[in-house]
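# A look at the structure
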2 protein chains.
Amino acid sequence: MRNTTIIDIAKKLKISASTVSRALNNYPDINEETKKQVKQLAKKLNYWPNPIARSLKSNKTNVIGVIVPEIKHDFFSSAISGIEEVAYHSGFTILVCQSNEDYEREVINTNALMHQRVAGFIVSISQTTTNGDHFQALLDRKIPLVFFDRAFNDIPTYKVIIDDAKSSCIAVTHLIERGHKKIAHLSGPIAMDICKQRLKGYKNALKKASLPIMKELIRYGGLQESDGYTSMDSLLRDNIIPDAIFAVNDPVAIGAFQRIKEAGLRIPQDIAIVGFSNNKITSLIEPPMTTVNQPSFEMGKKAAEILIDMIEKRKNGYTNKTVVFEAELIVREST
Amino acid sequence: MRNTTIIDIAKKLKISASTVSRALNNYPDINEETKKQVKQLAKKLNYWPNPIARSLKSNKTNVIGVIVPEIKHDFFSSAISGIEEVAYHSGFTILVCQSNEDYEREVINTNALMHQRVAGFIVSISQTTTNGDHFQALLDRKIPLVFFDRAFNDIPTYKVIIDDAKSSCIAVTHLIERGHKKIAHLSGPIAMDICKQRLKGYKNALKKASLPIMKELIRYGGLQESDGYTSMDSLLRDNIIPDAIFAVNDPVAIGAFQRIKEAGLRIPQDIAIVGFSNNKITSLIEPPMTTVNQPSFEMGKKAAEILIDMIEKRKNGYTNKTVVFEAELIVREST
DNA sequence: CCCACTTACGAAAACGATTTTTTAAATGCG
DNA sequence: CGCATTTAAAAAATCGTTTTCGTAAGTGGG
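Residues numbered from 1 in each chain as written. Chains lettered and ligands numbered in written order. Predicted model: local features only at pLDDT ≥ 70, side-chain atom pairs only at ≥ 80, totals over all residues. Heavy atoms only, no water.

### A look at the protein's contact with DNA strand C
Around DNA strand C lies a shell of 26 residues, among which A:I6, A:S21, A:Y27, B:T19 and B:T34 are the nearest. Each atom of DNA strand C within 4 Å of the protein was assigned to sugar, phosphate or base; sugar and phosphate come to 59%. Measuring from a phosphate oxygen of DNA strand C, one finds a side-chain N or O atom of A:Y27 at 2.8 Å. Measuring from a phosphate oxygen of DNA strand C, one finds a backbone N or O atom of B:S16 at 2.8 Å. Looking at the surface near DNA strand C, the elements with two or more residues in it are α2 (17–24) and α4 (51–58) of chain A together with α2 (17–24) and α4 (51–58) of chain B. (Near = heavy atom within 4 Å. Polar contact = N/O pair within 3.5 Å; in protein donor to acceptor, adjacent residues only side chain to side chain. Helix = DSSP H or I, 4+ residues; strand = E, 2+ residues; numbered from the N terminus.)

### Re the pairing of strand β4 (residues 145–148) of chain A
Residue and element names in this part refer to chain A. Neither face of β4 is left uncovered, since the one carrying L145 and F147 and the one carrying V146 and F148 both have all their residues buried. Here 3 bridges tie strand β3 (residues 120–123) to β4, and the two strands are oriented parallel to one another. For V123, the partnering residue across the bridge sits in β4 and is F147. Taken together, β3, helix α7 (residues 133–140) and β4 form a β-α-β motif whose crossover is right-handed. (Buried < 20%, exposed > 50% of the residue type's maximum accessible area, 1.4 Å probe, protein only. Pairing = 2+ DSSP bridges. Right-handed = clockwise from strand over helix to strand, strands pointing away.)

### Quick look at the relation of the copies chain B and chain A
Each copy of the chain is related to the other by a rotation around an axis and a translation along that axis. For these two chains of identical sequence, chain B goes onto chain A by a turn of 180° and a shift of 0.1 Å along the axis, with RMSD 0.2 Å. Expressed as a symmetry operation, the mapping of one chain copy onto the other fits a two-fold axis. Most of the interface of chain B is mirrored in chain A, where 98% of its interface residues again form contacts. (Least-squares fit on C-alpha atoms with pLDDT ≥ 70 in both. Contact = heavy atoms within 4.5 Å.)

### Describing the domain arrangement of chain A
The domain architecture assigned to chain A consists of domain 1 (6–49), domain 2 (58–161 + 296–325) and domain 3 (164–293). Placing the centre of domain 1 of chain A and that of domain 3 of chain A at their C-alpha centroids yields a distance of 65 Å. (Domains from an automatic or database assignment.)

### Observations concerning the protein's contact with DNA strand D
Of all residues adjacent to DNA strand D, which total 25 residues, the nearest are A:S16, A:T19, A:K57, B:I6 and B:R54. Counting only the atoms of DNA strand D within 4 Å of the protein, the fraction contributed by sugar and phosphate is 62%. A distance of 3.1 Å is found between a phosphate oxygen of DNA strand D and a backbone nitrogen or oxygen belonging to A:N31. Elements represented by at least two residues in the surface near DNA strand D include exactly α2 and α4 of chain A together with α1 (6–13), α2 and α4 of chain B. Split into classes, the residues belonging to the surface near DNA strand D amount to 9 nonpolar, 10 polar and 6 charged. (Nonpolar A, V, L, I, M, F, W, Y, C, P; charged D, E, K, R; others polar.)

### Structural notes on helix α8 (residues 164–177) of chain A
Residue and element names in this part refer to chain A. End to end, α8 covers 20 Å across 14 residues, agreeing with the expected 20 Å (1.5 Å per residue, within 8%). Counting buried positions along α8 yields 10 of 14 residues, so the element is predominantly enclosed. If you check which residues of α8 are buried, you get D164, A165, S167, S168, C169, A171, V172, H174, L175 and I176. The positive-phi residue at the C-terminal boundary of α8 is G179, with phi of around 95°. (Expected span 1.5 Å × (residues − 1).)

### Examining the side chain of B:T110
All names here are of chain B. With respect to the helices, strands and loops of the structure, T110 is situated in helix α6 (residues 103–115). A distance of 2.6 Å separates a polar atom in the side chain of T110 from the backbone oxygen of E106. Not counting residues within four places of it along the chain, the set of residues in contact with T110 comprises I67, F121, H134, F135 and L138.

So this is what it looks like as structure tokens:
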């Protein structure tokens, strides 16, 4: 079954294709009677303009490119849900790629989507990305780009993030208020801005409380569960038993959590623990874990709203290039 | 910065566009020397064929349409991860839509993607879908379609599923072997095939053990956590306290789990419970929950492999239209 | 040397829409 | 009535590729 084209309609009505096009698009110099006939027949034949032909002419699509490290991660899948929700209501669809935390793949994905002429990009960068040329190429071509959560700092575009330093400071201060003094921080790849910021918040909290910052209490690793397990393990192997852990994110916290349990230590009596992101699991483990709630769904929605605004050149509203979401500390039984 | 076209190359080399095209596509009737020159210049100018122009000509794209009820759900986001993984390695990208369990939106999404000329569809239907005309329309247009997990039964196409009845029977038999006799089943929308099959498995297990099938022990609801809570609540309100629960899926099981705890009943001493899907949370709650592991990532990968096979008309391999994955019962402390 | 055949390439059509330009007919005004 | 203007529609160009058809040279065999 072939799709109806504008030419099919034109032939049936014995008029030209251009007239059909203009009738359907409500151009003023088309006779009302003609318009009516064209629209009727279009409906009857189930006509739908071919978006590919349109895109070829306009060099634009109604597709938003989304690149995240891993689709199946709680935070990202929830953000993608939010993006799709907003996109759907604005007539856009989303093309989703995962970088698998791999810089090369992020570059390939970015280029592929660029050549597919997506209308704009929403990106959370991979752990291993330290070069931003592929994003600069987008700006050079005036392709709208919005970062969320993990932004590439040197690229001047919109960013939807939380105040990582502030939230971290609040989280660590909470630990201090509970009487903890020997607080370890399980950090991530320090090249990443979110890791830097969370480390900064950790240090600030200690400083404010006049507690020493001890290098051996800070461990660097990746952002996965296994990395948290390893980092915690390295502390224990060094015979360091902190009385509290602040993890750079929830998977790392969960990994540390498992290692702590394996060591026969009690949470929170022996070691308290705070995560970051409010992944669903944190509320369901025993004991439930204190964590920082990042409103992932809302951040996705906001990123999409900003991007669509940029695409449609309605530049109103967003005078500040960085939108900071409020992250709130959710206190549970692990502290 | 405009993108380089085939015509730019043609002009610079003072040859025709068609020659450039054929040179790049390695046609035999182009002089080797010409080919070399064209390819060199293409590389130098950073030429990349415009996929939109190609698609217009071929009426095909390198895009796979994916429609799921909700992106942020564990099972689906993990399956999408698998789909993307396979798609990426075959040069496809994925256009992802969520139906939000809404039939109307599923239809709209299907049509939108169809008009965008996606090369094929991978779909898991919404809870409220009882009419399959929008899928039939795809088959009529010879657009490849693969269902996974939640298939629409009357549409004759490939399905990647697990044997729900068998797995359910195994799960319930496991409960019976543990000595449980008053086993309730929290079911979902009974119009959905997976719900029918899981109910069937539940009944079969009881029959095999010569246990009575009691209507009041079977409760119907939705597929969300809140539905599980409600169904469990309705049992308790009727003063029915089963000694075991078999839930149609993990969210429903978790909802019931919460209601059971609220009632002050112990798991598994008072009520044992089995879920379905092996969502990550089931292993992290206290006590960890017995559940049926559906290999979501692998099912996504398989669905993508089959679809790409169909797209590329390599029909080898898949003689059976239904691919059944082995689901395995993961026994944990809730039983 | 001539005709058939190969080689290598160009011209043009096609994909389906939009948009610019052109044209024909109708209308208005002095 | 005649010229200018408006109205409504057709024709043609365009987007970037692919593909069909055609053709000018060059080659080889008789």
